[in-house]
Amino acid sequence: MKAVTWCGKQNVKVERVDDPKIINSRDAIVRVTSTAICGSDLHLYNGYIPTMGKGDILGHEFMGEIVELGHDVHNLAVGDRVVVPFTISCGKCWFCEQTLWSLCDNSNPSPEKAEAMYGFAPSALFGYSHLFGGYAGGQAEYVRVPFADTGPIKVPDDLSDEQVLFLSDIFPTGYQAAEQCNIHKGDVVAIWGAGPVGQFAIRSAFMLGAARVIAIDHYVSRLSMAEQAGAETIDFSDEYVFDRIMDMTAGRGADAVIDAVGLESHGITPDALYDRLKAAAYAATDRPHALRQAIHCCRKGGTVSIPGVYGGLLDKFPLGAAFGKGLTFRMGQTHMHRYLQPLLDRIRNGDIDPTFVITHRFKLGEAPKAYDLFNENKTECIKVILKP
Ligand SMILES: [Zn+2]
Ligand SMILES: [Zn+2]
């Protein structure tokens, strides 16, 4: 089959590889019909996530048709159309039983690397380095889905691939980010990063009752997409973000802030420059400028929600400000399995049409061009989907 493989920093290829096979009785093989490139794939592309191997198959946002099932999967049938969540969860361990799906204890077959870094390993992810299980991803013609009796959700035929594909990550991820803000009626939610997750966080915050959403970015197209959802916007390249947010909230600050940027933050303030210099000298992994600014702009007693991915140790982290203001922090990979059915219902009810975010469509064979475009031209490109 054809698959998109990681071949080094800013180097992906489309290669012929062996077809996946059923290995365990709870596996499924899915013929991929649609897949997407995620902002977090760019962290791999740019070499920020360790333990990638040459030839590893990328991709954690995908859907398709079941073509083969292990003999212990009884809730799906060959021919079913499914969306697969990007986190891999066994459904049986203590964490899965608590619905802490992205913290599953069983899905990562080599947890020792993550344990050495974090103390404990979170769940495995599709196509996201050997730190997170080393599973082949879904930017391919076929993919093996472990614990298929627990993860994939069947989707009705009257919804197109493009309407449901983002249930695989960015819609639930944006939704959980908003849900973790503990939004009360009348709240102002400020969101750093108007990329795909930020866009879904904006719409989810409104669905959950936010009175106002403020989106902070520097790409005009992304800010205007945020405005289409009803958000107010701040272009950080020409405005003082803190002062603007204070003006907009009568000096109180945002009730909740969401960092939908993660570890490759850009900025124009001295701390952002400092991050860039340190990262360029390989003296730091993460560039947390957006997170610092979000913490600064959060009101006393407010909530900081972090769907943006971080990997290592953060420098100049303003814990004093967080402590002084009594902030609550919520973060982590999305507990995907909680959200699949309720958010599929929302798509069906017409609460949201996720296709709004798609700006580019490519064939799977054009993946190198698609990665390059998404990485280099964030003005034009917001979400790319690939068709095998
Ligand atoms: Zn993703
Ligand atoms: Zn589990």
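About the criteria used
Residues numbered from 1 in each chain as written. Chains lettered and ligands numbered in written order. Predicted model: local features only at pLDDT ≥ 70, side-chain atom pairs only at ≥ 80, totals over all residues. Heavy atoms only, no water. Helix = DSSP H or I, 4+ residues; strand = E, 2+ residues; numbered from the N terminus. Buried < 20%, exposed > 50% of the residue type's maximum accessible area, 1.4 Å probe, protein only. Donors = N, O, S within 2.8 Å, 3.2 Å for Na, K, Ca; no water. Tetrahedral: all angles 85-135°; square planar, octahedral: opposite > 155°, others 65-115°. UniProt positions renumbered as here; feature names shortened; annotations may be inferred. Salt bridge = Lys/Arg side-chain N within 4 Å of Asp/Glu carboxyl O. Core = buried A, V, L, I, M, F, W, Y, C linked by side-chain atoms within 4.5 Å. Contact = heavy atoms within 4.5 Å. Arc of directions from axis to C-beta. Pairing = 2+ DSSP bridges. Axes fitted to C-alpha atoms, helices over the stretch in contact; angles between N-to-C directions.

How should the environment of Trp 94 be read in this particular structure?
Considering the arrangement of structural elements, one finds Trp 94 in helix H2 (residues 94-97). According to the relative accessible area criterion, Trp 94 is exposed, its value standing at 53%. Measuring from C-alpha to C-alpha, the distance between Trp 94 and Cys 104 comes to 7.9 Å, with ten residues separating the pair along the chain.

What's the story with the coordination of the zinc ion (ligand 1) in this structure? I'm lost.
Note on metal sites: the ideal angle is 109.5 degrees for four tetrahedral donors, and 90 or 180 degrees for six octahedral donors. Ligation of the zinc ion (ligand 1) by protein atoms is provided by Cys 38 (SG), His 60 (NE2), Glu 61 (OE) and Asp 169 (OD), these donors lying 1.8 to 2.2 Å from the ion. Classification of the site at the zinc ion (ligand 1) rests on its four donor atoms, whose angles at the metal span 93 to 129°, yielding the label tetrahedral. Sequence spacing of the donor residues for the zinc ion (ligand 1), all on one chain, is C-x21-H-E-x107-D. Of this pair, His 60 sits in the loop between strand S4 (56-57) and strand S5 (61-69) while Asp 169 sits in the loop between helix H4 (161-164) and helix H5 (170-179); the two residues are 109 residues apart in sequence, bridging distant segments of the chain.

Looking at this structure, how should I read the UniProt feature "domain: Alcohol dehydrogenase-like C-terminal" (unreviewed entry) in the chain?
Residues annotated in UniProt with the feature "domain: Alcohol dehydrogenase-like C-terminal" (unreviewed entry) correspond here to residues 196-309. Helix makes up 43% of residues 196-309 and strand 22%, and the two end C-alpha atoms of the span are 14 Å apart.

Can you walk me through the pattern of salt bridges in this structure?
Opposite charge on two side chains makes pairing possible when the charged atoms of those side chains draw close. Scanning all chains against the criterion turns up 17 salt bridges. One salt bridge connects Asp 27 with Arg 144, and the closest N-O pair in it is separated by 2.7 Å. Within this pair, whereas Asp 27 is found in the loop between strand S2 (12-16) and strand S3 (28-37), its partner Arg 144 is found in strand S9 (residues 142-145), the two being separated by 117 residues in sequence. Accessibility assignment for this pair places Asp 27 and Arg 144 in one class, buried. The shortest N-O distance in the salt bridge between Arg 299 and Asp 255 comes to 2.6 Å. Within this pair, whereas Arg 299 is found in strand S15 (residues 298-306), its partner Asp 255 is found in strand S14 (residues 254-259), the two being separated by 44 residues in sequence. The class for Arg 299 is partly exposed, based on a relative accessible area of 23%. With relative accessibility at 6%, the residue Asp 255 sits in the buried group. A single network of salt bridges, built from pairs that share partners, joins Arg 81, Asp 161 and Lys 387.

Which parts of the structure should I look at to understand the nonpolar core?
Among soluble globular proteins, nonpolar side chains are generally buried collectively. Judged by nonpolar contacts, the single largest core of 73 residues is most densely connected at Phe 166, Leu 167 and Phe 171. The contacts of Phe 166, once residues within four sequence positions are left out, are Ala 36, Phe 171, Pro 172, Phe 200, Pro 354, Val 357, Ile 358, Lys 383 and Ile 385. Counting residues in hydrophobic clusters, the runner-up holds 23 residues, among them Ile 214, Ile 216, Ile 234 and Cys 297.

Would you explain the coordination of the zinc ion (ligand 2) in this entry?
Note on the zinc ion (ligand 2): its protein donors are Cys 90 (SG), Cys 93 (SG), Cys 96 (SG) and Cys 104 (SG). The metal-donor distances range over 2.3 to 2.4 Å. Around the zinc ion (ligand 2), the four donor atoms are arranged such that angles at the metal cover 102 to 117°; this shape is classified as tetrahedral. As a motif over one chain, the donors of the zinc ion (ligand 2) read C-x2-C-x2-C-x7-C. Assessed through its relative accessible area of 2%, Cys 90 is described here as buried.

How should helix H8 (residues 241-248) be read in this particular structure?
Structurally, the α-helix is built with 3.6 residues per turn, so residues lying three or four positions apart point the same way. Among the residues of H8, Val 241, Ile 245, Met 246 and Met 248 are the ones counted as buried. Along the axis of H8, the buried positions cluster into a sector of 165°, meaning they face one direction only. After H8 finishes, the residue Ala 250 shows a positive phi value of roughly 55°.

Teacher, can you tell me more about unusual backbone geometry here?
For residues that are not glycine, phi is negative in most cases, and the peptide bond is trans in most cases. Phi angles above zero are rare outside glycine, and Gln 10 is one such case at about 50°. Tracing the chain through its elements places Gln 10 in the loop between strand S1 (2-6) and S2. Judged by its relative accessible area of 41%, Gln 10 is partly exposed. Unlike most non-glycine residues, Thr 51 shows phi in positive territory, near 65°. Among the secondary structure elements, Thr 51 is positioned in the loop between helix H1 (39-45) and S4.

What's the story with the pairing of S5 in this structure? I'm lost.
Each regular strand displays side chains that alternate between the two surfaces of the sheet. For S3 and S5, the ladder comprises eight bridges, and the chain directions are antiparallel. Bridge pairing in S5 places Ala 36 opposite Glu 61. Relative to strand S6 (residues 81-84), S5 runs antiparallel, the two sharing four bridges. Its bridge partner lying in S6, Glu 65 is registered against Arg 81.

Sorry, what's going on with the sheet that holds S4 here?
For sheets, the rule is that strands pair by backbone hydrogen bonds, running either parallel or antiparallel. Pairing within the open sheet is antiparallel, and its three strands lie in the order S2-S1-S4. Each of the sheet's edge strands pairs with one partner strand only, and the pair in question is S2 and S4. Pairing of S1 with S2 involves five bridges; the strand directions are antiparallel. Note that in S2 the partner of Thr 5 across the bridge is Lys 13. Strands S1 and S2 of the sheet are contacted by helix H13 (residues 367-376), whose axis makes an angle of about 160° with S2.

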